[in-house]
Amino acid sequence: MQLISNENAIKHGQLPEDVHANEKDSVQFDCVIEGTPQPNIRWFKDHNMIAASEDYQMSYSKGVAILCIPEAYPEDSGKYTCTATNIAGCKTASAYLSVQPEEEGKSQDTVFVNGYTVLFRLSSHNVNE
């Protein structure tokens, strides 16, 4: 995935993976990027640049770009793209986030395993009835 075959080219190692989460879960995208000089990293959601904030925490250290969403909500669902740019060019990698909303009045845990959804729902009833 090298743009230009020289020492300045940006190379991707680990790419971000699609994430399925429940509402209020913490979500993190990781992307391993190599490049000399150090690339400028930008994150986008659905083609709109994301600014660092309490809702979107970003870091880039030792070749690892991280985007963390401390508390995800359904409106955070979408396509997230990491863009690395330096003198040699630009590389992008994308992944999708899907956030399941909480159901009011129900206690449940949803687990996503190998593309399958397993839903655990807890309900209570009076055993004396």
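The structure displayed is predicted, hence computed values, not measured ones.

**Some words on the overall build of the protein**
Stage number 1. Assigned secondary structure in the protein consists of 0 helices and 11 strands.
Stage number 2. Along the protein, helices (α) and strands (β) appear in the sequence β-β-β-β-β-β-β-β-β-β-β when read from the amino end.
Stage number 3. Within the span of the protein, comprising 129 residues, buried residues form 30% of the whole.
Stage number 4. Pairs at least 24 residues apart make up 56% of the contacts formed inside the protein by residues separated by at least 6 positions.
Stage number 5. By element, 47% of the accessible surface of the protein is carried by carbon and sulfur atoms, the whole surface being about 8,500 Å².

**Points about the confidence of the model for the protein**
The predicted coordinates should not be examined in detail at positions where pLDDT is low.
Stage number 1. Looking at the protein, pLDDT values average 77 and 67% of them are 70 or higher.
Stage number 2. Taken element by element, the predicted model of the protein shows its lowest mean pLDDT in strand β11 (residues 116-122) (46) and its highest in strand β5 (residues 48-49) (97).
Stage number 3. pLDDT under 50 marks residues 1-8. Its contacts with residues more than four places away, or in other chains, come to 21 contacts.
Stage number 4. Confidence drops under pLDDT 50 across residues 117-129; counting only partners more than four residues distant or on other chains, this segment forms 18 contacts.

**Things to note about the pairing of strand β8 (residues 78-86)**
Stage number 1. Counting buried positions along β8 yields 7 of 9 residues, so the element is predominantly enclosed.
Stage number 2. When strand β4 (residues 40-45) meets β8, the two strands line up antiparallel, connected through 6 bridges. Bridge pairing in β8 places R42 opposite T83.
Stage number 3. Judged from the 9 bridges that link them, β8 and strand β9 (residues 89-100) form a sheet pairing that is antiparallel. Across the sheet, residue N86 finds its bridge partner in β9, namely G89.
Stage number 4. In textbook terms, the turn of a hairpin is the stretch between consecutive antiparallel strands, and for β8 and β9 this stretch comprises 2 residues.

**Side note on the pairing of β9**
Stage number 1. Two strands pair when backbone bridges link them, and strand β2 (residues 19-22) and β9 are joined in this way by 4 bridges, in the parallel orientation. Each residue of the ladder has a partner; that of N22, found in β9, is Q100.

**Side note on the environment of A65**
Stage number 1. Mapped onto the secondary structure, A65 falls in strand β7 (residues 64-69).
Stage number 2. Taking the C-alpha atoms as reference, A65 lies 8.2 Å from F29; in sequence the two are 36 residues apart.
Stage number 3. Residues contacting A65, with those up to four places away along its chain left out, are F29, D30, C31, I33, I41, W43, S59, Y60 and C82.

What counts, and where the lines are drawn
Residues numbered from 1 in each chain as written. Predicted model: local features only at pLDDT ≥ 70, side-chain atom pairs only at ≥ 80, totals over all residues. Heavy atoms only, no water. Helix = DSSP H or I, 4+ residues; strand = E, 2+ residues; numbered from the N terminus. Buried < 20%, exposed > 50% of the residue type's maximum accessible area, 1.4 Å probe, protein only. Contact = heavy atoms within 4.5 Å. Areas by Shrake-Rupley, 256 points an atom, 1.4 Å probe, with all protein chains shown as cover. pLDDT = per-residue confidence, 0-100. Pairing = 2+ DSSP bridges.

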